[in-house]
Amino acid sequence: MEYEFLKVRVEGGIAEVEMHRPEKANAIDWNAFTEIQRAFEQLGDQPEVRAIILRGAGKHFCAGIDLSLLMGLNEIVASDCEGRKRERLRKLIFQLQAPVNAIADCPQPVMAAIQGGCIGAGLDIAAACDMRYCTPNAYFTIKEIDMGMVADLGVLQRLPGIIPEGILREMAYTARKVPGEEAVRIGLVNRAYPDPEGLLAGVREIAQRIAAKSPLSIRGNKEILNYNRRKNIDEGLNYIAIWNAAMLLSEDLTVAGRAAALRQQPKFHD
């Protein structure tokens, strides 16, 4: 498997998938979304792969969607007909949800090893993993509210089954950073390791323990656990796609994007 954004290595029944764009804090562009979906679908079809570790190269796990992709949405879905424009946008949102769903639906357990920023779509990706582990310097933020938009790739659908609702609402409404130690306390991550080396070693040890179990039973456990919550998640993803097809291309998105590019505080109308 050859990729530009990802580095994939399989050894001893364990696949390590590294998002490798450290100069951009592993921000996800269109090509990266495509590669993530392809990688997890292909790994899911390999029975010799028994567990998967997902991590980011460099200082950060993932900075979320590349700003250039977000600011180019109008051109991607452009049409003289407003209805067709909204239809194209809804389809595009489904296309961006698909790579995150591929992680969640992958038959093997997926463990996220997180250091530094886990931001926006990065948190969508982490929430789609079976388990999350981090370093104390990690932080987690639902950043979309600062971009004048509603998160639409799954974080609002998956985190209610992971962390308390009040904390989730606070994160969604304020975009505040949840540091690693708090993330452990609220159940967002299973545990924190003191440094990146210890994090990777610890997660590899857990992956090895999983890989030693019956792969059929492991896949069965994941299928049953996913079944219990899949209906609500699927309905929620469909609903947010409809909502953002109508609301995403707003003046607020333009104001927020311009402010982010200039490193200024955006000012929104009532």
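Quick caveat: nothing in here was measured; it's all calculated off a predicted structure.

(A) Structural detail: the sheet that holds strand β5 (residues 117–119). If you trace the three strands from one edge of the open sheet to the other, you get β5-β7-β8, paired in mixed fashion. At either end of the open sheet lies a strand with only one pairing partner, and these are β5 and β8 (178–179). Where β5 lies against strand β7 (residues 139–141), three bridges are found, and the strand directions are parallel. Note on β7: the bridge partner recorded for G117 is Y139.

(B) Layout of the packing of aromatic side chains. Counted according to the given criterion, the structure contains one aromatic pair. Plain terms: the ring middles of Y133 and Y193 are 6.5 Å apart, the flat faces sit at 50° to each other, and that makes the pair tilted. Here Y193 lies in the loop between β9 (191–192) and α9 (196–211) and Y133 lies in strand β6 (residues 131–134), a separation of 60 residues in the sequence. Just as Y133 is buried, Y193 falls in that class too. K177 extends its terminal NZ or CZ atom over the ring of Y139, reaching a point 4.5 Å from the ring centre.

(C) Region of the structure containing the pattern of salt bridges. Applying the stated criterion across every chain, the model contains 14 salt bridges. E16 serves as the salt-bridge partner of R55, at 3.2 Å between the closest nitrogen and oxygen. Here R55, found in strand β3 (residues 51–56), pairs with E16, found in strand β2 (residues 14–19); they are 39 residues apart in sequence, far enough to count as distant. No difference in accessibility class separates R55 from E16, as the two residues are buried. For E165, the salt bridge identified is with R169, shortest N-O distance 2.7 Å. Of this pair, E165 and R169 both sit in helix α7 (residues 165–174), four residues apart, which is roughly one turn of the helix. Each of R9, E11, E16, E18, R55 and R204 takes part in salt bridges that share partners, so that together they form one network.

The rules we used
Residues numbered from 1 in each chain as written. Predicted model: local features only at pLDDT ≥ 70, side-chain atom pairs only at ≥ 80, totals over all residues. Heavy atoms only, no water. Pairing = 2+ DSSP bridges. Helix = DSSP H or I, 4+ residues; strand = E, 2+ residues; numbered from the N terminus. Phe/Tyr/Trp six-rings, centres within 6.5 Å; stacked < 30°, edge-to-face > 60°. Buried < 20%, exposed > 50% of the residue type's maximum accessible area, 1.4 Å probe, protein only. Lys NZ or Arg CZ within 6 Å of the ring centre and 35° of its normal. Salt bridge = Lys/Arg side-chain N within 4 Å of Asp/Glu carboxyl O.

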